[in-house]
Amino acid sequence: MKQNDGGEKENSLFQEHHFCPVCGSPSIQLHKKGTRSIHAIQPEMVKITDSSYGDVWDLWKCGSCGHLFANPFPSPDHITSLYSASEDPLYQEEAQGRSKNFVPILNRLDRLRPKKGRLLDVGAATGILVRMAGEKGWTVEGVEPSRWCTRFAAEAYGLKLLEGDFFTLPLEESAYSAVTMIDFIEHIPHPWMVVEKAAYILEPGGVLCLVTPDIHSFTSRILGQKWWHLRPAHLAYFSRATIRILLERAGFTILSVRRYAWTFSLHYLMSRLKIFSFLLKNPRLGSLWKKFSVKLALGDSLEVYAEKR
Ligand SMILES: [Zn+2]
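Since this is a predicted model, take the numbers as computed values, not measurements.

So, on to the overall build of the protein. When its secondary structure is counted, the protein shows 12 helices and 15 strands. When the 309 residues of the protein are sorted by exposure, 41% land in the buried category. Across the protein, contacts joining residues at least 24 apart in sequence account for 76% of those joining residues at least 6 apart.

Now the structure itself:
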(Lines give C-alpha, C1' and ligand atoms only; values in the text may rest on other atoms or scores of the structure.)
Protein backbone atom coordinates (compact mmCIF):
# COMPACT_ATOMS: atom_id res chain seq x y z
CA MET A 1 0.00 0.00 0.00
CA LYS A 2 1.43 3.37 -1.02
CA GLN A 3 2.13 5.71 1.88
CA ASN A 4 0.63 9.18 1.81
CA ASP A 5 1.87 12.29 3.58
CA GLY A 6 -0.70 12.25 6.33
CA GLY A 7 1.35 10.44 8.96
CA GLU A 8 0.92 6.99 10.44
CA LYS A 9 -2.56 7.45 11.90
CA GLU A 10 -3.98 8.62 8.59
CA ASN A 11 -2.38 5.71 6.78
CA SER A 12 -4.18 3.30 9.04
CA LEU A 13 -7.56 4.98 8.41
CA PHE A 14 -7.29 5.48 4.64
CA GLN A 15 -5.76 3.41 1.86
CA GLU A 16 -5.32 3.56 -1.91
CA HIS A 17 -6.11 1.13 -4.70
CA HIS A 18 -3.32 0.42 -7.16
CA PHE A 19 -5.28 -2.25 -9.01
CA CYS A 20 -8.91 -2.43 -10.10
CA PRO A 21 -10.91 -3.96 -7.20
CA VAL A 22 -13.06 -5.88 -9.71
CA CYS A 23 -10.75 -7.24 -12.44
CA GLY A 24 -7.30 -6.67 -10.90
CA SER A 25 -5.97 -4.54 -13.77
CA PRO A 26 -3.25 -1.97 -12.92
CA SER A 27 -4.68 0.34 -15.61
CA ILE A 28 -6.69 2.68 -13.36
CA GLN A 29 -6.96 6.46 -13.37
CA LEU A 30 -8.79 9.41 -11.80
CA HIS A 31 -12.16 9.77 -13.53
CA LYS A 32 -13.88 12.48 -11.50
CA LYS A 33 -12.63 14.72 -8.72
CA GLY A 34 -14.79 14.34 -5.57
CA THR A 35 -17.09 17.00 -4.12
CA ARG A 36 -15.14 16.57 -0.86
CA SER A 37 -12.19 14.75 0.63
CA ILE A 38 -12.65 11.17 1.84
CA HIS A 39 -11.01 12.27 5.10
CA ALA A 40 -14.29 14.04 5.96
CA ILE A 41 -16.25 10.76 6.15
CA GLN A 42 -18.43 10.47 9.30
CA PRO A 43 -20.79 7.79 10.69
CA GLU A 44 -23.90 9.84 9.73
CA MET A 45 -22.79 9.78 6.06
CA VAL A 46 -22.88 5.99 5.88
CA LYS A 47 -26.49 5.63 7.09
CA ILE A 48 -28.69 3.69 4.68
CA THR A 49 -31.14 6.59 4.58
CA ASP A 50 -28.54 9.36 4.17
CA SER A 51 -29.77 11.87 1.56
CA SER A 52 -26.55 13.67 0.54
CA TYR A 53 -27.13 12.86 -3.13
CA GLY A 54 -24.46 13.90 -5.58
CA ASP A 55 -21.77 13.94 -2.89
CA VAL A 56 -18.95 11.64 -3.95
CA TRP A 57 -15.30 11.06 -3.16
CA ASP A 58 -12.57 11.06 -5.84
CA LEU A 59 -13.77 8.41 -8.30
CA TRP A 60 -11.32 6.33 -10.30
CA LYS A 61 -12.07 4.22 -13.34
CA CYS A 62 -10.58 0.97 -14.58
CA GLY A 63 -9.28 1.16 -18.14
CA SER A 64 -9.90 -2.57 -18.63
CA CYS A 65 -13.39 -3.26 -17.28
CA GLY A 66 -14.79 0.26 -16.70
CA HIS A 67 -15.42 -0.22 -12.96
CA LEU A 68 -15.86 3.05 -11.04
CA PHE A 69 -14.64 3.25 -7.44
CA ALA A 70 -13.65 5.64 -4.65
CA ASN A 71 -9.89 6.09 -4.34
CA PRO A 72 -8.45 6.63 -1.76
CA PHE A 73 -10.91 4.84 0.52
CA PRO A 74 -11.43 4.26 4.28
CA SER A 75 -9.59 1.12 5.43
CA PRO A 76 -11.80 -1.92 6.15
CA ASP A 77 -11.27 -1.44 9.91
CA HIS A 78 -12.20 2.23 9.65
CA ILE A 79 -15.34 1.36 7.68
CA THR A 80 -16.39 -1.19 10.29
CA SER A 81 -15.94 1.45 13.01
CA LEU A 82 -17.97 4.02 11.01
CA TYR A 83 -20.84 1.56 10.52
CA SER A 84 -20.57 0.31 14.06
CA ALA A 85 -21.26 3.86 15.29
CA SER A 86 -24.03 4.69 12.80
CA GLU A 87 -27.69 4.83 13.90
CA ASP A 88 -30.59 4.84 11.47
CA PRO A 89 -34.11 5.03 12.96
CA LEU A 90 -35.55 6.15 9.59
CA TYR A 91 -34.52 2.80 8.08
CA GLN A 92 -36.76 0.95 10.51
CA GLU A 93 -39.67 3.34 9.90
CA GLU A 94 -39.67 1.89 6.41
CA ALA A 95 -39.75 -1.73 7.59
CA GLN A 96 -43.05 -2.40 5.83
CA GLY A 97 -41.85 -1.08 2.48
CA ARG A 98 -38.58 -2.95 2.79
CA SER A 99 -40.28 -6.22 3.62
CA LYS A 100 -42.30 -5.85 0.39
CA ASN A 101 -39.00 -5.52 -1.49
CA PHE A 102 -37.77 -8.79 -0.03
CA VAL A 103 -40.81 -10.96 -0.89
CA PRO A 104 -39.92 -11.51 -4.58
CA ILE A 105 -36.27 -12.14 -3.66
CA LEU A 106 -37.21 -14.87 -1.18
CA ASN A 107 -39.66 -16.39 -3.68
CA ARG A 108 -36.89 -16.61 -6.30
CA LEU A 109 -34.47 -18.14 -3.77
CA ASP A 110 -37.14 -20.73 -2.87
CA ARG A 111 -37.39 -21.74 -6.51
CA LEU A 112 -33.60 -21.95 -6.89
CA ARG A 113 -33.00 -23.81 -3.59
CA PRO A 114 -36.30 -25.59 -2.75
CA LYS A 115 -34.62 -27.68 -0.05
CA LYS A 116 -33.49 -24.42 1.60
CA GLY A 117 -30.81 -24.93 4.28
CA ARG A 118 -28.66 -22.20 5.83
CA LEU A 119 -29.05 -18.64 4.58
CA LEU A 120 -26.68 -15.84 5.54
CA ASP A 121 -27.72 -12.21 4.96
CA VAL A 122 -24.65 -9.99 4.72
CA GLY A 123 -25.31 -6.37 5.73
CA ALA A 124 -28.48 -7.47 7.50
CA ALA A 125 -29.33 -4.01 8.96
CA THR A 126 -32.21 -4.54 11.42
CA GLY A 127 -32.77 -8.13 10.28
CA ILE A 128 -35.94 -7.69 8.19
CA LEU A 129 -34.87 -10.16 5.49
CA VAL A 130 -33.40 -12.58 8.06
CA ARG A 131 -36.71 -12.70 9.93
CA MET A 132 -38.75 -13.20 6.74
CA ALA A 133 -36.43 -15.95 5.46
CA GLY A 134 -36.72 -17.69 8.86
CA GLU A 135 -40.52 -17.64 8.55
CA LYS A 136 -40.18 -19.36 5.16
CA GLY A 137 -38.20 -22.23 6.64
CA TRP A 138 -34.57 -21.21 6.08
CA THR A 139 -32.05 -21.66 8.89
CA VAL A 140 -31.11 -18.01 9.12
CA GLU A 141 -28.11 -15.95 10.13
CA GLY A 142 -27.19 -12.32 9.48
CA VAL A 143 -24.02 -10.23 9.71
CA GLU A 144 -24.23 -6.54 10.52
CA PRO A 145 -21.57 -4.07 11.75
CA SER A 146 -23.96 -1.47 13.24
CA ARG A 147 -24.45 -1.93 16.96
CA TRP A 148 -27.67 0.09 16.80
CA CYS A 149 -29.07 -2.31 14.17
CA THR A 150 -28.09 -5.54 15.94
CA ARG A 151 -29.56 -4.25 19.19
CA PHE A 152 -32.77 -3.29 17.40
CA ALA A 153 -32.99 -6.76 15.77
CA ALA A 154 -32.57 -8.42 19.18
CA GLU A 155 -35.15 -6.24 20.94
CA ALA A 156 -37.78 -6.06 18.19
CA TYR A 157 -37.54 -9.52 16.62
CA GLY A 158 -35.52 -11.59 19.13
CA LEU A 159 -32.87 -12.11 16.41
CA LYS A 160 -29.25 -12.62 17.29
CA LEU A 161 -27.31 -11.15 14.37
CA LEU A 162 -23.54 -11.63 14.15
CA GLU A 163 -22.11 -8.20 14.92
CA GLY A 164 -19.02 -7.30 12.91
CA ASP A 165 -17.35 -7.39 9.53
CA PHE A 166 -18.27 -10.20 7.10
CA PHE A 167 -14.75 -10.40 5.81
CA THR A 168 -13.04 -11.04 9.15
CA LEU A 169 -15.74 -13.15 10.87
CA PRO A 170 -14.76 -16.83 11.00
CA LEU A 171 -17.40 -18.65 8.90
CA GLU A 172 -17.53 -22.31 7.93
CA GLU A 173 -16.52 -23.48 4.43
CA SER A 174 -19.31 -24.81 2.12
CA ALA A 175 -21.85 -24.45 4.93
CA TYR A 176 -24.49 -22.23 3.33
CA SER A 177 -27.14 -22.87 0.73
CA ALA A 178 -27.77 -19.16 0.07
CA VAL A 179 -26.05 -15.85 0.74
CA THR A 180 -27.87 -12.53 0.26
CA MET A 181 -26.20 -9.12 -0.10
CA ILE A 182 -28.88 -6.44 -0.56
CA ASP A 183 -27.31 -3.02 -1.13
CA PHE A 184 -24.09 -4.14 0.48
CA ILE A 185 -21.30 -4.55 -2.05
CA GLU A 186 -21.26 -0.88 -3.09
CA HIS A 187 -20.38 0.05 0.51
CA ILE A 188 -17.11 -1.83 0.67
CA PRO A 189 -13.72 -1.14 -0.93
CA HIS A 190 -12.77 -4.78 -1.62
CA PRO A 191 -15.72 -6.34 -3.49
CA TRP A 192 -13.49 -9.06 -4.93
CA MET A 193 -12.52 -10.32 -1.45
CA VAL A 194 -16.15 -10.28 -0.35
CA VAL A 195 -17.53 -12.35 -3.24
CA GLU A 196 -14.57 -14.72 -2.91
CA LYS A 197 -15.55 -15.24 0.73
CA ALA A 198 -19.20 -15.75 -0.29
CA ALA A 199 -17.98 -18.47 -2.70
CA TYR A 200 -15.93 -20.05 0.11
CA ILE A 201 -18.86 -20.34 2.54
CA LEU A 202 -21.43 -21.49 -0.08
CA GLU A 203 -21.82 -25.17 -0.89
CA PRO A 204 -21.39 -26.11 -4.59
CA GLY A 205 -24.67 -25.17 -6.29
CA GLY A 206 -25.38 -22.63 -3.51
CA VAL A 207 -26.84 -19.29 -4.60
CA LEU A 208 -25.67 -15.74 -4.05
CA CYS A 209 -28.32 -13.02 -4.44
CA LEU A 210 -26.87 -9.57 -4.79
CA VAL A 211 -28.65 -6.20 -5.24
CA THR A 212 -26.65 -3.09 -6.13
CA PRO A 213 -27.22 0.22 -7.96
CA ASP A 214 -26.52 0.17 -11.72
CA ILE A 215 -24.34 3.09 -12.83
CA HIS A 216 -25.27 2.39 -16.46
CA SER A 217 -29.03 2.47 -15.79
CA PHE A 218 -31.32 4.85 -17.64
CA THR A 219 -32.16 6.69 -14.38
CA SER A 220 -28.49 7.19 -13.58
CA ARG A 221 -27.79 8.59 -17.05
CA ILE A 222 -30.82 10.90 -16.97
CA LEU A 223 -30.24 12.25 -13.45
CA GLY A 224 -26.46 12.55 -13.79
CA GLN A 225 -25.05 14.20 -10.68
CA LYS A 226 -28.52 14.16 -9.04
CA TRP A 227 -28.80 10.35 -9.15
CA TRP A 228 -29.69 9.31 -5.64
CA HIS A 229 -27.21 6.47 -5.51
CA LEU A 230 -24.29 8.90 -5.84
CA ARG A 231 -23.73 9.12 -2.10
CA PRO A 232 -20.82 9.30 0.34
CA ALA A 233 -21.66 5.81 1.65
CA HIS A 234 -21.04 4.25 -1.77
CA LEU A 235 -17.44 3.35 -2.52
CA ALA A 236 -18.10 1.50 -5.78
CA TYR A 237 -20.48 1.83 -8.75
CA PHE A 238 -21.22 -1.38 -10.63
CA SER A 239 -22.77 -2.17 -13.99
CA ARG A 240 -24.07 -5.42 -15.48
CA ALA A 241 -20.64 -5.95 -17.06
CA THR A 242 -18.53 -5.36 -13.94
CA ILE A 243 -20.79 -7.47 -11.69
CA ARG A 244 -20.46 -10.32 -14.18
CA ILE A 245 -16.64 -10.06 -14.26
CA LEU A 246 -16.50 -9.90 -10.46
CA LEU A 247 -18.71 -12.95 -9.90
CA GLU A 248 -17.27 -15.14 -12.65
CA ARG A 249 -13.75 -14.41 -11.44
CA ALA A 250 -14.75 -15.60 -7.95
CA GLY A 251 -16.13 -18.93 -9.21
CA PHE A 252 -19.81 -18.12 -9.81
CA THR A 253 -22.06 -18.78 -12.81
CA ILE A 254 -24.64 -16.02 -13.36
CA LEU A 255 -28.17 -17.46 -13.34
CA SER A 256 -30.14 -14.26 -13.93
CA VAL A 257 -29.89 -10.48 -13.79
CA ARG A 258 -33.08 -8.49 -13.21
CA ARG A 259 -34.03 -4.88 -12.68
CA TYR A 260 -34.95 -4.21 -9.04
CA ALA A 261 -38.14 -2.30 -8.13
CA TRP A 262 -38.32 -0.48 -4.80
CA THR A 263 -41.36 -0.16 -2.54
CA PHE A 264 -41.50 2.52 0.14
CA SER A 265 -43.99 4.90 1.72
CA LEU A 266 -44.95 8.18 0.13
CA HIS A 267 -43.60 9.81 3.30
CA TYR A 268 -40.16 8.31 2.73
CA LEU A 269 -40.12 9.26 -0.92
CA MET A 270 -41.05 12.85 -0.13
CA SER A 271 -38.45 13.06 2.63
CA ARG A 272 -35.84 12.02 0.02
CA LEU A 273 -36.91 14.78 -2.34
CA LYS A 274 -36.39 18.15 -0.75
CA ILE A 275 -39.03 19.91 -2.89
CA PHE A 276 -41.76 18.09 -0.90
CA SER A 277 -40.44 19.02 2.53
CA PHE A 278 -43.19 21.65 3.08
CA LEU A 279 -45.84 18.88 2.85
CA LEU A 280 -44.11 16.86 5.57
CA LYS A 281 -44.07 19.76 8.01
CA ASN A 282 -47.85 19.68 8.37
CA PRO A 283 -48.35 17.28 11.32
CA ARG A 284 -51.77 16.04 10.17
CA LEU A 285 -50.65 15.34 6.63
CA GLY A 286 -47.26 14.00 7.75
CA SER A 287 -48.68 10.78 9.22
CA LEU A 288 -51.02 10.35 6.25
CA TRP A 289 -48.16 9.93 3.77
CA LYS A 290 -46.78 7.01 5.81
CA LYS A 291 -49.93 5.00 5.03
CA PHE A 292 -49.38 4.96 1.29
CA SER A 293 -46.72 2.83 -0.28
CA VAL A 294 -45.27 3.43 -3.70
CA LYS A 295 -43.63 0.91 -5.95
CA LEU A 296 -40.95 2.54 -8.02
CA ALA A 297 -39.79 0.54 -10.98
CA LEU A 298 -36.91 2.85 -11.76
CA GLY A 299 -34.85 -0.14 -12.71
CA ASP A 300 -31.72 1.58 -11.49
CA SER A 301 -30.54 -1.34 -9.37
CA LEU A 302 -29.46 -4.79 -10.48
CA GLU A 303 -30.79 -7.94 -8.79
CA VAL A 304 -28.35 -10.73 -9.58
CA TYR A 305 -28.55 -14.49 -8.87
CA ALA A 306 -25.36 -16.50 -9.22
CA GLU A 307 -24.54 -20.11 -8.48
CA LYS A 308 -21.30 -21.34 -6.98
CA ARG A 309 -19.62 -23.64 -9.49
ZN1 LIG B 1 -11.24 -3.48 -13.87
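It is worth spelling out helix 2 (residues 76-84) at this point. For helix 2, every residue scored as buried is listed here: Ile 79, Leu 82 and Tyr 83. Considered in projection along helix 2, the buried side chains sweep an arc of 95° and stay on one side of the axis. On its buried side, helix 2 packs onto strand 5 (73-74).

Turning our attention to the pairing of strand 7 (residues 139-144). Among the six residues of strand 7, five are classified as buried, and the element is accordingly described as predominantly covered. Of the strand pairs in this sheet, strand 6 (residues 118-122) and strand 7 are connected by five bridges, and their pairing is parallel. Among the inter-strand pairings, Asp 121 is bridged to a residue of strand 7, identified as Gly 142. With respect to chirality, the unit in which strand 6 leads through helix 5 (residues 128-135) into the neighbouring parallel strand 7 is right-handed. Sheet topology note: the strand 7/strand 8 (residues 162-163) ladder contains two bridges and is parallel. Each residue of the ladder has a partner; that of Val 143, found in strand 8, is Leu 162.

So, about helix 5. Along helix 5, the residues classified as buried are Ile 128, Leu 129, Val 130, Arg 131 and Ala 133. Taken together, the buried residues of helix 5 touch helix 4 (95-112), strand 6, strand 7, helix 6 (147-157) and strand 9 (176-182).

Turning to the sheet that holds strand 7, a few remarks are in order. Strand order in the open sheet made by the seven strands is 8-7-6-9-10-15-12, with mixed pairing throughout. Since the sheet does not close on itself, it has two edges, and those belong to strand 8 and strand 12 (252-259), each with one partner. Helix-sheet contacts for helix 4 involve strand 9, strand 10 (202-213), strand 12 and strand 15 (301-308), and the interaxial angle to strand 10 is about 160°.

Strand order across the open sheet formed by four strands is 2-3-4-11, with antiparallel pairing between neighbours. Of all strands in the sheet, those bounded by a partner on one side alone are strand 2 (28-32) and strand 11 (236-237). In the sheet, strand 4 (residues 68-70) pairs with strand 11 via two bridges, with the strands oriented antiparallel. Bridge pairing links Phe 69 to Ala 236 in strand 11.

Residues Val 179, Ala 198, Leu 208 and Cys 209 are the most contacted members of the largest nonpolar core, which totals 78 residues. Apart from residues no more than four positions distant in its own chain, Ala 198 is found in contact with Val 179 and Leu 208.

When the pLDDT values of the protein are averaged, the result is 85; 82% of them are 70 or greater. Taking the mean pLDDT of every element in the protein, the minimum, 58, falls on helix 1 (residues 7-13) and the maximum, 98, on strand 6. Note that residues 1-10 has pLDDT below 50 and, in this model, eight contacts with residues that lie over four places away or in other chains.

Parameters at a glance
- Residues numbered from 1 in each chain as written.
- Predicted model: local features only at pLDDT ≥ 70, side-chain atom pairs only at ≥ 80, totals over all residues.
- Helix = DSSP H or I, 4+ residues; strand = E, 2+ residues; numbered from the N terminus.
- Buried ≥ 20, exposed ≤ 12 C-beta atoms within 10 Å, placed from the backbone.
- Contact = placed C-beta atoms within 7 Å.
- Arc of directions from axis to C-beta.
- Pairing = 2+ DSSP bridges.
- Right-handed = clockwise from strand over helix to strand, strands pointing away.
- Axes fitted to C-alpha atoms, helices over the stretch in contact; angles between N-to-C directions.
- Core = buried A, V, L, I, M, F, W, Y, C linked by C-beta atoms within 7 Å.
- pLDDT = per-residue confidence, 0-100.

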